[in-house]
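# Secondary and tertiary structure notes
Spelled out, the chains give:
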Amino acid sequence: MLDGLSLDGKTVLITGGGTGLGLEMVKFLSRAGADICVAGRRLDPLNDALREIDHNGQKGLAVSTDVADSTQVKTLVEKTLSEFGKIDVLINNAAVVAENIVKPIWEIEDDQWQTALDVNLSGAFYCSREVSKHMADRGKGKIINTASGFGLRGGKDIYMYCCTKGGIIQLTKVLSFSLAKYGITANTIVPG
């Protein structure tokens, strides 16, 4: 797949890029030639991602960020722009996994529900909001949001994950309709 993909000269910002699917994105996108800012809450996994980027001969930046905090997101984007001068692609991949638990609705605590909303949905909104003006001013950009098949079909007793991933799909639709006139595309990937 990478044989025909060239991202030379492109800058990609990936949230949740230190582990799992995000780390795989870092590996492949840096192999394709992209410089990458990788964001996540924990520094150790981010440093592992930086080593992958460096191994592939690309420039990398790691920024410890909680995407549920809009001020941290603002700092993330500022640092990325300061380091690379531009953001061509935003990949909203950060999500809470530990809270992706199966339990009856009456057992879900307010703080569990709020955390899932803040990270999985508000985080993608904050990041998209923060980069969209920069992209609009440049007349181009790509926003890619990671959802889930559960966001399309639901799942038994998986309230927080299903609802937030369904919200991601709708957020992407609104971004797509609203930002196209500025040369910005928005798409959702649905692993699984």
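The paragraphs below set out a description of the structure included in this document. Being a predicted model, the structure only gives us computed values, none of them experimental.

This part is about the overall build of the chain. When helices and strands are counted, the chain shows six helices and six strands. Beginning at the N terminus, the succession of helices and strands in the chain can be written as β-α-β-α-β-α-β-α-β-α-α-β. Against the compact-globule benchmark of 16 Å for 192 residues, the chain has a radius of gyration of 16 Å, which places it among compact chains. For the C-alpha atoms alone, the extent of the chain along its principal axes is close to 50 × 40 × 35 Å.

Taken as a whole and judged by the stated rule, the model has seven salt bridges. Between Lys86 and Asp88 there is a salt bridge; the shortest N-O distance is 2.9 Å. An identical accessibility class is assigned to Lys86 and Asp88; each is buried.

Moving on to the side chain of Thr11. Locating Thr11 in the fold gives a position in strand β1 (residues 11–15). For Thr11, the contacting residues outside a window of four places in its chain are Asp35, Thr80, Phe84, Lys86, Ile87, Asp88 and Val89.

This paragraph deals with unusual backbone geometry. At Asp157, a residue that is not glycine, the phi angle is positive and equals roughly 60 degrees. Looking at where Asp157 falls in the secondary structure, it is placed in the loop between α5 (149–153) and α6 (159–179).

All right, on to the sheet that holds strand β5 (residues 141–146) then. Read across the sheet, six strands follow the order β3-β2-β1-β4-β5-β6 without closing on themselves; strand pairing throughout is parallel. Two strands in the sheet have a free side with no partner beyond their single neighbour: β3 (60–64) and β6 (184–189). The mean angle between the axes of side-by-side strands here comes to 15 degrees, regardless of whether they run parallel or antiparallel. Examined bridge by bridge, β1 and strand β2 (residues 35–40) share five bridges and lie parallel to one another. Following the sheet pairing, Leu13 is matched in β2 by Cys37. The sheet strands contacting helix α3 (residues 70–84) are β1, β2 and β3, and the helix crosses β3 at an angle near 165 degrees. In the packing of helix α4 (residues 110–138) onto the sheet, the strands contacted are β1, β4 (89–92), β5 and β6, and the crossing angle to β4 comes to about 175 degrees.

Because side chains alternate across β3, one face comprises the buried residues Leu61 and Val63, and the other comprises Gly60, Ala62 and Ser64, none of which is buried. Strand direction decides the pairing type here: β2 and β3, joined by five bridges, are parallel. Its bridge partner lying in β3, Val38 is registered against Ala62. Following the chain from β2 across helix α2 (residues 43–55) to the adjacent parallel β3, one finds a crossover that is right-handed.

Looking now at the side chain of Gln112. Within the secondary structure, Gln112 sits in helix α4. Those residues in contact with Gln112, other than ones at most four positions away along the chain, are Ile101, Lys103, Glu107 and Met160.

Looking at the element boundaries, Asn93 is found in the loop between β4 and α4. Among the residues examined, Asn93 registers a relative accessible area of 11% and is labelled buried. Taking the C-alpha atoms as reference points, Asn93 and Gln112, 19 residues apart in sequence, are found 19 Å from one another. Not counting residues up to four positions away in its chain, the partners in contact with Asn93 are Thr15, Gly16, Leu21, Gly22, Met25 and Thr146.

Turning our attention to the packing of α4 against α6. Working note: a packed helix pair is described by the angle between its axes plus the distance between those axes. Between α4 and α6, whose axes approach to 9 Å, the crossing angle comes to 15 degrees. It follows that α4 is roughly parallel to α6 by the angle criterion. Considering the relative orientation of α4 and α6, their crossing is right-handed. In contact with Gln112, Trp113, Ala116, Leu117, Asn120, Leu121, Ala124, Phe125, Ser128 and Ser132 of α4, α6 contributes Tyr159, Met160, Tyr161, Cys163, Thr164, Gly167, Ile168, Leu171, Leu175 and Leu179. Taken together, the residues of the contact of α4 with α6 break down into 14 nonpolar, six polar and no charged.

Quick notes on the rules
Residues numbered from 1 in each chain as written. Predicted model: local features only at pLDDT ≥ 70, side-chain atom pairs only at ≥ 80, totals over all residues. Heavy atoms only, no water. Helix = DSSP H or I, 4+ residues; strand = E, 2+ residues; numbered from the N terminus. Rg over C-alpha atoms; globule rule 2.2 N^0.38 Å. Salt bridge = Lys/Arg side-chain N within 4 Å of Asp/Glu carboxyl O. Buried < 20%, exposed > 50% of the residue type's maximum accessible area, 1.4 Å probe, protein only. Contact = heavy atoms within 4.5 Å. Pairing = 2+ DSSP bridges. Axes fitted to C-alpha atoms, helices over the stretch in contact; angles between N-to-C directions. Right-handed = clockwise from strand over helix to strand, strands pointing away. Parallel < 35°, antiparallel > 145°, perpendicular 65-115°, else oblique. Left-handed = near helix turned anticlockwise from the far one by under 90°. Nonpolar A, V, L, I, M, F, W, Y, C, P; charged D, E, K, R; others polar.

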